[in-house]
Amino acid sequence: MRRLLELGYGTYAALILLACTLVTLPFVLLMPTLALRRACGRLGFRSVLLLCFIPLRVRGLEHLPAGPCLVVSNHASYLDGPLMTTALPGRFTFVVQHGAAAWPVVGRIIRGMGVTFVNRGEARTGASQTRGLIRRLQDGVSLTVFPEGTFKEDAPGLLPFRDGAFLMAVHAGVPVVPAVVRGSRHLFGGPRPRPRWGALHVEFFAPLKPDGDHRHAIAQLRDAARAVVLEHCGEPDRPNG
């Protein structure tokens, strides 16, 4: 009986996710301003959670500085991007791998919502994009990054943090806000073809500020942020990937 209920709910939730994605797409494409397109995207994902009876609890928003900052979070499933988009104010821009731009439907939605794509596979292109992101931080834009760069569907755990996000924060002189996502791997992770029910949690923690010369500040900031995320994400440490 339990398996039958899980199968029924998973099928229902998958259909709701597909339907809301297709309904959201034209609004994200046609709205005249970035703020409106982002609001439509957040509303679309909130509709998915509501119709699937999935509670979302967001804590710690008071830790977000009024000025520019860089939020770094653990990454456990494909839901993390829309989940963080829903939890954060509309002024935050996401930084994701360039391959996501080609995803069917979803790629069009995230492009319309102003996501910034980076190419980690080409050093010269990646360096140019990083310099551009540093300038955006200096100009007052707030960014959100998953510093693990990816997640392992079949092996829960916090992967090593890459330096890129922290290099940007140090050179731009902006604080880093550690954040954790809990519940997304259970709900939509691993090799299962369908989602299952579970509560979602997003929590933000006190900002960390760069300290010292650039080289040491990057490593210090990276390790401090990862320690906060590891303490609160509820998953094991996988320092070697």
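Residues numbered from 1 in each chain as written. Predicted model: local features only at pLDDT ≥ 70, side-chain atom pairs only at ≥ 80, totals over all residues. Heavy atoms only, no water.

Colleague: Would you explain the overall build of the protein in this entry?
Modeller: A tally of helices and strands in the protein yields 8 helices and 7 strands. Relative to its length of 241 residues, the protein is compact, with a C-alpha radius of gyration of 18 Å against a globular reference of 18 Å. Along the three orthogonal principal directions, the C-alpha set of the protein runs to about 60 × 45 × 35 Å. A total of 241 residues make up the protein; the buried ones form 46% of that total. Put simply, 74% of the contacts in the protein that link residues at least 6 apart link residues at least 24 apart. In the form shown here, the protein has an accessible surface area of approximately 12200 Å², with 61% of it arising from carbon and sulfur atoms. (Helix = DSSP H or I, 4+ residues; strand = E, 2+ residues; numbered from the N terminus. Rg over C-alpha atoms; globule rule 2.2 N^0.38 Å. Buried < 20%, exposed > 50% of the residue type's maximum accessible area, 1.4 Å probe, protein only. Contact = heavy atoms within 4.5 Å. Areas by Shrake-Rupley, 256 points an atom, 1.4 Å probe, with all protein chains shown as cover.)

Colleague: Help me understand the side chain of Ser77, please; the structure alone is not making it clear to me.
Modeller: Within the fold, Ser77 resides in the loop between strand E2 (70–73) and helix H3 (80–87). In this structure the side chain of Ser77 is engaged in a polar contact, spanning 3.4 Å, whose partner is the backbone oxygen of Ser184. (Polar contact = N/O pair within 3.5 Å; in protein donor to acceptor, adjacent residues only side chain to side chain.)

Colleague: Can you help me understand unusual backbone geometry in this one?
Modeller: Trans is the prevailing form of peptide bonds, just as negative phi is the prevailing case for residues other than glycine. The backbone of Phe53 shows a phi angle near 60°, a positive value even though the residue is not glycine. The topology assignment puts Phe53 in the loop between helix H2 (34–51) and strand E1 (56–59). For Phe53, a relative accessible area of 58% puts it in the exposed group.

Colleague: It is not clear to me how the pairing of strand E6 (residues 176–182) should be interpreted in this structure. Could you clarify?
Modeller: The side chains of a regular strand alternate, first on one face of the sheet and then on the other. Across the 7 residues of E6, 6 count as buried, placing the element largely inside the fold. As defined by bridge partners, E2 adjoins E6 across 4 bridges and the pair is classed as parallel. Following the sheet pairing, Leu70 is matched in E6 by Val176. Sheet topology places E6 next to strand E7 (residues 200–204); 4 bridges connect them, and they run antiparallel. By the bridge assignment, Arg182 is partnered in E7 with His201. (Pairing = 2+ DSSP bridges.)

Colleague: Help me out: how do you make sense of the packing of helix H6 (residues 164–172) against helix H8 (residues 214–233) in this one?
Modeller: One can describe the packing of H6 onto H8 by two numbers: an axis separation of 9 Å at closest approach and a directional angle of 125°. Regarding the angle of H6 to H8, the classification is oblique. Here the hand of the crossing between H6 and H8 comes out right-handed. Taking contact as the criterion, the partners of Phe166, Leu167, Ala169, Val170 and His171 in H6 are, on H8, His214, Ala217, Ile218, Leu221, Arg222 and Ala225. Its residues placed into classes, the contact of H6 with H8 shows 8 nonpolar, 2 polar and 1 charged. (Axes fitted to C-alpha atoms, helices over the stretch in contact; angles between N-to-C directions. Parallel < 35°, antiparallel > 145°, perpendicular 65-115°, else oblique. Left-handed = near helix turned anticlockwise from the far one by under 90°. Nonpolar A, V, L, I, M, F, W, Y, C, P; charged D, E, K, R; others polar.)

Colleague: What's the story with the layout of surface pockets in this structure? I'm lost.
Modeller: A water-sized probe, rolled over the atoms, reveals where empty space remains. Considering only enclosed or pocket space, the largest pocket measures out at about 1200 Å³ in volume. For the largest pocket, the lining is made up of 49 residues, of which Tyr78, Pro82, Trp103, Val106 and Ile110 are closest to its centre. Contributions of two or more residues to the lining of the largest pocket are made by helix H1 (2–30), H2, H3, strand E3 (92–97) and helix H4 (106–112). Per-element accounting of the lining of the largest pocket gives the leading share, 7 residues, to H1. Broken down by class, the residue content of the lining of the largest pocket amounts to 28 nonpolar, 16 polar and 5 charged. (1 Å grid on protein atoms, 1.4 Å probe; cavity = no way out; pocket = protein on both sides within 12 Å on 5 of 7 lines; lining within 4 Å. Points joined across faces, edges and corners; volume = space filled by probe spheres on them.)

Colleague: Explain the sheet that holds E7 here, please?
Modeller: Within a sheet, each strand pairs with its neighbour through backbone hydrogen bonds, oriented either parallel or antiparallel. Across the sheet, 7 strands lie side by side as E1-E7-E6-E2-E5-E3-E4; this open sheet has mixed pairing. Only two strands of the sheet have a single neighbouring strand rather than two, namely E1 and strand E4 (116–118). With strand direction ignored, the average angle separating the axes of adjacent strands in the sheet is 20°. Where E3 and strand E5 (residues 142–145) come together, 4 bridges link them in parallel fashion. The partner of Thr93 across the bridge, within E5, is Leu143. Against the sheet, H6 contacts E2, E5 and E6, and its axis sits at roughly 160° relative to E2.

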